[in-house]
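Structural description and commentary
Chain by chain, the residues:
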Amino acid sequence: MSLTRQIRERVVRALPPERLLPDQQPAYVHSYVYLLGILTLVSFVLLVLSGTVLAAFGPQWWHGSATGRFFNSIHFWSVQVFFFCMVLHLWAQFFMGAWRDGRAMTWVTGAVTFVAAIGTAFTGYLSQQNFDSQWIAVQGKDAMNAVGLGGFFNLLNFGQMYGFHVFILPWLVALLVVVHVLQVRLRGVVKPYPPEERTPSPAGRRTAPKA
Amino acid sequence: MSLRPEEYYRGVRMAPYDLVKEALVASGAVIVAVLVLAAVFSSPDVPPLTIRRVAGETPLVFLQVALGDLDGGGDIASYGPPYNHGTGSVQYIGPVSLQKAMGVQTPIDTARDFVIDPLHELARYDDRLARALAAFEAAPHLQQDWEKAYRGALTKALIRGHAVSVPAGDYGPVGTLMANLLSMGQSGALDGFLLTSSHFYQTDYTRPLLFIQGDPMHSEAAATHLLGTQWGMMNETGSYPGQAWLWLYTFWYQIPPYSTSPNGDAYVWLTMAALTLMLILVPFIPGLNRLPRYLGLYKLIWRDHYYDQRMMHSQ
């Protein structure tokens, strides 16, 4: 029994190439609302790339040189675009009831990604090394201390926050994004709700739609 | 258990879809948008507040903060875990305090760490200061009286530029200690001393930030509209967007009981933990998982699909 062959066959069975990169989708997918997911993904890639450049040159560079400042600005606006698209994507998926028909885990991984992304952005704001990061640190410390986390997760410790921001949390978000996207590809997007079936009530008022 | 897409979409009208082209177009759009925003608006970068600046620009505030650290009346001196065994900022959820349960993990003795130890460093080169320090440490029973007298003297202090003159009083060596600490603050030496410990390399700003976290930082934050009552952490300096995604977290701090309770932070955490769990578990929560059906916004999102279906049925 070859474990390698078993794993390969299982992966190929679950995610054959035509499902990973489909060239056909339901006609209703031709809508701007389905672009929000890919826009979120693309802005995340831009975040990682601009963040990698910032990490490579260090804090003095992004504060002290025009080029560093520009890359810092790219990183700053990427996070704004990332969250703008991600929040719209999340709301859209909520209003579409995207967890239906066996897609609960796709929703769960997406929501957990959102929470992990907030943590990543928060540690990023703490790593800016300007007045805003000082202020967020001293304000946020009270909340962390109030629930007993401040001793371990010390917002005033730049080294620890920077480590979380540039390594631990981005890897977590990237892993969750991969799992989320694979789940979308594995199951496909959810179908629209069936048209409402309404029946007149004795009083002439219409009953609630069937879910 | 979900069906495979091939089975799930049986009977659904399919159309050609170029996923890679879509990703490339999306990449182009995002890159252009971000580059334009970065080039036109740059990014916020208000310089950090330093102890040197506080001591130089607001020497009286510096002395009040330092005296609070020395006499134990300051916020951090009586804060509680994880810094010390005080009770001033200990929060509870019902009868339970997770803060107390975790104990002191980052020990801070404000009198020793923020005042006495830095002055001992300076006293190596200043005999008068060394004598004042020795007199202070040799008379623990008089320290409170001296500190109280000096606090009173500070209310009548005269400020001339960077210098603070206090009227003569019975505050023993405290005046000498405070004057020297102010000099140390104004020279920038205190910034360095609080950052440095036994290591050469430093990345932990806990002590210098705790020194200025009270009035000095609040004054600066009020001027830049960053106070908790001004939606604090989700704002950014200048006119830049901040962490707008923290709006719900910040919202709770604006309303009672969160805004008025001494346990407000713990309650906000508890509330947000419950709401976050609800968000993650939406598919499994009866009622909530059917809410989109009742809200009906899906009709707007899939309006073309429903229109096509109506047309098909009417033919």
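Residues numbered from 1 in each chain as written. Chains lettered and ligands numbered in written order. Predicted model: local features only at pLDDT ≥ 70, side-chain atom pairs only at ≥ 80, totals over all residues.

With respect to the overall build of chain B
The helix and strand inventory of chain B stands at 17 helices and three strands. Taking 20 Å as the expected radius of gyration for a compact globule of 315 residues, we find that chain B reaches 29 Å, considerably beyond that expectation. Here the C-alpha coordinates of chain B stretch approximately 100 × 50 × 40 Å along the principal axes. Taking all 315 residues of chain B together, the buried fraction comes to 31%. Taking all contacts inside chain B whose residues are at least 6 apart in sequence as the whole, residues at least 24 apart take part in 53%. (Helix = DSSP H or I, 4+ residues; strand = E, 2+ residues; numbered from the N terminus. Rg over C-alpha atoms; globule rule 2.2 N^0.38 Å. Buried ≥ 20, exposed ≤ 12 C-beta atoms within 10 Å, placed from the backbone. Contact = placed C-beta atoms within 7 Å.)

Quick look at the environment of B:Gln64
Residue and element names in this part refer to chain B. As for its placement among the helices and strands, Gln-64 is situated in helix α4 (residues 59-71). What makes Gln-64 buried here is the crowd of 21 C-beta atoms within 10 Å. Sequence separation between Gln-64 and Pro-283 is 219 residues, and the spatial gap between their C-alpha atoms is 54 Å.

Remarks on the packing of helix α5 (residues 66-95) of chain A against helix α6 (residues 104-126) of chain A
All names here are of chain A. Here α5 crosses α6 at 155°, and the two axes come no closer than 11 Å. Considering the angle they form, α5 stands roughly antiparallel to α6. Regarding α5 and α6, the two cross each other, and that crossing is left-handed. Together, Val-79, Met-86, Leu-90 and Gln-93 of α5 and Trp-107, Gly-110, Phe-114, Ala-117, Ala-121 and Gly-124 of α6 make up the contact between the two elements. (Axes fitted to C-alpha atoms, helices over the stretch in contact; angles between N-to-C directions. Parallel < 35°, antiparallel > 145°, perpendicular 65-115°, else oblique. Left-handed = near helix turned anticlockwise from the far one by under 90°.)

Some remarks on the nonpolar core
Formed by 109 residues in total, the largest nonpolar core has its most connected members in A:Phe82, B:Ala66, B:Leu177, B:Met178 and B:Leu181. Considering every element that reaches this core, the biggest residue donor is α5(A), with 12 residues. (Core = buried A, V, L, I, M, F, W, Y, C linked by C-beta atoms within 7 Å.)

A look at the confidence of the model for chain A
A residue-level look at chain A finds 93% of positions with pLDDT of 70 or above and a mean pLDDT of 91. Segment residues 199-211 of chain A: pLDDT under 50, and 13 contacts once partners within four positions in sequence are set aside and those in other chains are kept. (pLDDT = per-residue confidence, 0-100.)

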